[in-house]
Structures are given as C-alpha cells and as structure tokens.
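Commentary on secondary and tertiary structure
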Amino acid sequence: MVKITLSILTIVLFITTILMFNIPVVSSDSGEQSQNADENPLTEKCYKCHDKETEYKEWKVSGHAKTLATLRKAELAQDSCLRCHSSSIPSDVPLWGKDWRSRATLKTAQNNVGCSSCHRHGSKRKHYLTRSVKKLCVTCHQMDCGCAGGGIIHQSQAEMFAGKGGNGVKRMPSPHIKEMPMRCVACHMEKETSVEKVVARGGHTFVASMESCQRCHLGEDDISIRVSALVSEVNSLLQQVERMLEDTSAQKDSQVYKDAKLNYDMVKGDSGYGFHNFAYAKALLKYSLSLREELLGNKSQKADSSAK
Ligand code: HEC
Ligand code: HEC
Ligand code: HEC
Ligand code: HEC
Ligand code: HEC
Ligand code: HEC
C-alpha cells in the first residue's frame, strides 16, 4: 500500500517537474519571438502582408495575442484547450475543421487567438469573417463546451449575456441584446476614432469602450455611476455566497452545493462582476443565497450529531 502510494507520488512529482521545467522555456520563447515580427510564428502568416495595418498593431497588445502563454501556464492545460486558446496554423488546415485538433498539441501549437481565428481569405462574409458576428465571439467565450474536460467554467459571457444556463432562475436576456445586432463587437470593437488610427480601446484591442455607451445612454447623468453601483451590489452578493460556500459542511458533490456553486462560478466567470447582465447576475446569486438553510442547516445538524 505504502509502496503504491510512493510510486504514485513519484509519478506526480515527475510530471510536475517536467511541467515546471517546460513553462519558463516555452513562455520566454514566445516572448523573444514576439520581438521580431518578421519571424514571429505567433502571428501566423498574415503578418507578411498585414503587419502595417492598425488591426495588427492593436491585436498585438490585446489579450488574444497571449492566449497560448496563458494556457501553458495553466495547471490543467491539455491539448483540447487549444480549441479556444490557439488558431489553426499550419494554414492549410481548415479552421474548426475536424482534423486540426489531432495535429496541434500543447507542445507544437504556435499561434494565439490570431487573425485566422476570426478571418479567412475566401470566406463569403464581410471582412472575410469565419463566422457570423453573432456566433464569432461566443464560440469561445462560453462556459464548458464539453471539449476540454467537464466542469470548466472560466468564461461565461455568452450565457450571461443571453441570460441562461444558471440554476433556479428563468431566462433573462440582457436588454442590450435587442439593441445590438453586432452583439459583443458593438461594445468591444467600437472605434473611438477613425479606422486608420491605432486606439487604446475598441477596435482590435477588444477592450470595451465606455465611450460607446453614450450613443444610447446620453440622457443619463453618468452611466458609469449607475454601473459602479451595480458592480458593488454584485460584488457584495458574490462575497456573501463565497462565505456561505466556505462555511457549509455540505458535501461538495451534493446537488445543493453544486447548484449554489454553479451560479457563483457563472458570475465570477463573467469577469467577476456580472457586467454583461446585472439583473441576471443578481438573480443567480440570490438564488444561491436562497439555499442557505439547506447548506448551513446541514452544518448545524452535523454539529448536533457529533455532540451526541
Ligand atoms: C478562438 C477563441 C476566441 C474567439 C473567437 C474570441 N476570443 Fe476573446 N479570448 C479568448 C481567450 C482564450 C482569451 C484569454 C486571453 C488570455 O488572458 O490569455 C480571450 C480574451 C478576451 C478578452 C479579455 C482581453 C484581455 O486583455 O484579457 C476580451 C475582452 C475578449 N476576449 C473579447 C472577445 C471578442 C469581443 C470576441 C469576438 C470579436 C472574441 N473575444 C473572440 C478566446 C477567443
Ligand atoms: C470554450 C472555449 C475555451 C476552452 C475549451 C478553454 N478556454 Fe480557457 N479561456 C477561454 C476564454 C474565452 C478566456 C478568457 C476569459 C476572460 O477573459 O474572461 C479563457 C481564459 C483562460 C485563462 C485565464 C484566466 C481565467 O480563468 O480567465 C486560463 C488560465 C485558461 N483559460 C485555461 C484553460 C485551460 C487549462 C483549458 C483546458 C482545460 C481551457 N482554458 C479551455 C476559453 C476557453
Ligand atoms: C477575435 C476575432 C478577431 C481577430 C483575432 C481578428 N479580427 Fe479582424 N475583425 C474582427 C471583426 C469582428 C471585424 C469586423 C468589425 C466591425 O465590423 O466593426 C474585423 C475587421 C477587420 C478588418 C476590417 C476593418 C475595417 O473596419 O475596415 C481588418 C482589415 C481586419 N479585421 C484584420 C485583422 C487582422 C490583420 C488580424 C490579425 C492581426 C485580425 N483582424 C484579427 C474580428 C477579429
Ligand atoms: C500575400 C499577401 C496576404 C496574405 C499572406 C494575407 N492577406 Fe489578407 N489581404 C491581402 C490583400 C491584398 C487584401 C485586400 C484585398 C482583398 O480584400 O482581398 C487583404 C484583405 C484581407 C481582409 C479584409 C479586410 C477588409 O477590409 O475587410 C482580411 C480580414 C484579411 N485580409 C485577413 C487575412 C488573414 C487572416 C490572413 C492570414 C491567415 C491574411 N489576410 C493573409 C493580402 C494578404
Ligand atoms: C453593453 C456593452 C457590452 C457588451 C454588449 C459586451 N460587453 Fe464584454 N464588457 C463590457 C465592459 C464595459 C466590460 C468591462 C471592461 C473593463 O473592465 O475594462 C466588459 C468585460 C468583458 C470581458 C473581460 C475583460 C477583461 O479585461 O477581463 C470579456 C472577456 C468580455 N467582456 C467579453 C464579451 C463577450 C464575449 C461579449 C458578447 C457575448 C460581450 N463581452 C458583450 C461591455 C460589453
Ligand atoms: C445600442 C444602445 C445601447 C448602448 C450602446 C448601450 N446601452 Fe445600456 N442599455 C440600453 C437599453 C435600451 C437598456 C434598457 C433600458 C435601461 O435600463 O436603460 C440598457 C440598459 C443598461 C443597463 C441596466 C440593465 C442591466 O444590464 O442591468 C446598464 C447598467 C447599461 N445599459 C450599461 C451600459 C454600458 C456601460 C454601456 C457601454 C459599455 C451601454 N449600456 C451601452 C441600450 C444601450
């Protein structure tokens, strides 16, 4: 028994060492390569013709340009995660095609979420987009797609925006869905200046621009005041649920724990403060809190029985 445990330990240690050894090698590699645009495979072959464009310059500073490094540093990284953390070069392999996954591995993958994650020469769509704008971002910015191992919720913008997927709350789409045929692109890619200018927010930086709110919320004194009130409300609910989940002695695999935790993870996965749908975020967290008695009641029962 002890021997088995020891050999398991050795294997775990061995794997950990390999991982620890690999991470700095890989990430410093990619850091150096991105210094030299001409040889930078992380930007695919598109840079050869498109590197002077504002889109390229903006993309280079965006989160999308470092997705591979992020992934390689992650504890649970595996090949299937590449589906959302890397685009599909060699470029002869069709994007989202059925065979690319078998070719790229954590070791061999070279690209971040690059131009070809969203564009492809030959596409019939405007700007050669690979998918319609409605589907483009949410293909990756969704809860567990079932393709990277079960139960992973680290991004839930798609579900939060659509107001679905949580426990105990009816469907509740963001009021912005109806107003924004361009969906995510409307807030995250709107340019504050002309297309030719490299910008700090919007465009291919994908950073949401608060300027864009004024288009519709013009009458309001300041939309950012309304937003920060809502953010702190959501944050305080998040903290309450977090404390409840810490205090409970309910089994982690009990249904009631899982129900409360899912809603919490969803709001967290939205980037922490429920921005994409405040009303839904609040409803989700309040539902979790409504399970308080079951979650904490368990604890007092257990305490009772151990006292006996
Ligand atoms: C191929 C998958 C994929 C697609 C398509 C995609 N994203 Fe992302 N996005 C990611 C990943 C992975 C990250 C995580 C970046 C990191 O921290 O490494 C990310 C990060 C982001 C971030 C945070 C940026 C930061 O600086 O940390 C924003 C905002 C974002 N994406 C918006 C969008 C929008 C808007 C679209 C659609 C136009 C989109 N994404 C399409 C995978 C994707
Ligand atoms: C369905 C698409 C998808 C899959 C599959 C996926 N990711 Fe992500 N990942 C994303 C997106 C989108 C973001 C950016 C989230 C944000 O900025 O809010 C992200 C961000 C991250 C981050 C940055 C920190 C965080 O939690 O936001 C890490 C680490 C990460 N992913 C690890 C992984 C690992 C490990 C796997 C495989 C087990 C994986 N991802 C599979 C889409 C995905
Ligand atoms: C995460 C998805 C995504 C990535 C990655 C991405 N783009 Fe785009 N790109 C878009 C979307 C969406 C539009 C359309 C925006 C609109 O209509 O407002 C667009 C528009 C463009 C346009 C047309 C701009 C205009 O307004 O005329 C060019 C050129 C372009 N992209 C080039 C690139 C290049 C080069 C890269 C790689 C450095 C890249 N894109 C990476 C999503 C992406
Ligand atoms: C050999 C040079 C070359 C390479 C390599 C190249 N492109 Fe292009 N691209 C062009 C030219 C020229 C245009 C303008 C004419 C056109 O629309 O086809 C263009 C147009 C585009 C547009 C349309 C911009 C708009 O205003 O709508 C997008 C998007 C784009 N390319 C993406 C890519 C992506 C993604 C890659 C890499 C997978 C790539 N390109 C590789 C030369 C190139
Ligand atoms: C009404 C405008 C709006 C819409 C629509 C919208 N977002 Fe956001 N999003 C924001 C704002 C504002 C933030 C917070 C930005 C910040 O902190 O800089 C944000 C934050 C994010 C983040 C976290 C960024 C970070 O730096 O960690 C991601 C990822 C993201 N949005 C993706 C999406 C996706 C995917 C969609 C479509 C389903 C979407 N957003 C729709 C306004 C919007
Ligand atoms: C295309 C028009 C449009 C744009 C652009 C827009 N909104 Fe809205 N927004 C609306 C409408 C319509 C409603 C629903 C009526 C209301 O509550 O004012 C709404 C509701 C809201 C709400 C309350 C609903 C909720 O989610 O709980 C907030 C907060 C909000 N918007 C913030 C923003 C921010 C921040 C931006 C910019 C990043 C923005 N909006 C951009 C049209 C827009």
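Remember, it's a predicted structure, so these values are computed and weren't measured experimentally.

With respect to the overall build of the protein
- A count of helices and strands for the protein gives 15 helices and zero strands.
- Counting every position in the protein, which comprises 308 residues, the buried fraction comes to 25%.
- Look at the contacts in the protein between residues 6 or more apart in sequence, and 59% of them connect residues 24 or more apart.

Quick notes on the packing of helix H13 (residues 255-269) against helix H14 (residues 278-290)
- For the pair H13 and H14, interaxial distance at closest approach is 8 Å and the crossing angle is 155 degrees. Between H13 and H14, the crossing angle belongs to the class labelled roughly antiparallel. Note that H13 runs across H14; the crossing there is left-handed. Only Ala281, Leu284, Leu285, Tyr287 and Ser288 of H14 make contact with H13, whose side of the interface consists of Ala260, Asn263, Tyr264, Met266 and Val267.
- Class assignment for the residues of the contact of H13 with H14 results in eight nonpolar, two polar and no charged.

Side note on the environment of Leu262
- Position of Leu262 among the secondary structure elements: in helix H13.
- Residue classification places Leu262 among the buried positions, given that 20 C-beta atoms sit within 10 Å.
- Each C-alpha atom of the pair Leu262 and Gly165 lies 9.3 Å from the other, and the pair is 97 residues apart in sequence.
- Ignoring anything within four residues of it in the chain, the contact list for Leu262 reads Gly166 and Asn167.

Some points on the nonpolar core
- One finds Val267, Ala281, Leu284 and Leu285 to be the most contacted residues of the largest nonpolar core, which totals 19 residues.
- Elements supplying a minimum of two residues to this core: helix H9 (157-162), helix H12 (223-247), H13 and H14.
- Leave out the neighbours within four places in its chain, and Val267 touches Val234, Leu238, Gly274, Ala281, Leu284 and Leu285.
- With six residues, the next largest nonpolar core counts Ala69, Leu82, Ala104 and Ala109 among its residues.

A few points about the site of ligand 6
- Around ligand 6 sit 20 residues in total, of which Pro175, Glu179, Cys213, Cys216 and Phe278 are the nearest.
- At the level of secondary structure, the elements contributing two or more residues to the shell around ligand 6 comprise helix H10 (175-179), H12 and H14.
- If you tally residues by element for the shell around ligand 6, the top one is H12, at four residues.
- Tallied by class, the residues present in the shell around ligand 6 amount to twelve nonpolar, five polar and three charged.

About the cut-offs
- Residues numbered from 1 in each chain as written.
- Chains lettered and ligands numbered in written order.
- Predicted model: local features only at pLDDT ≥ 70, side-chain atom pairs only at ≥ 80, totals over all residues.
- Helix = DSSP H or I, 4+ residues; strand = E, 2+ residues; numbered from the N terminus.
- Buried ≥ 20, exposed ≤ 12 C-beta atoms within 10 Å, placed from the backbone.
- Contact = placed C-beta atoms within 7 Å.
- Axes fitted to C-alpha atoms, helices over the stretch in contact; angles between N-to-C directions.
- Parallel < 35°, antiparallel > 145°, perpendicular 65-115°, else oblique.
- Left-handed = near helix turned anticlockwise from the far one by under 90°.
- Nonpolar A, V, L, I, M, F, W, Y, C, P; charged D, E, K, R; others polar.
- Core = buried A, V, L, I, M, F, W, Y, C linked by C-beta atoms within 7 Å.
- Near = placed C-beta within 6 Å.

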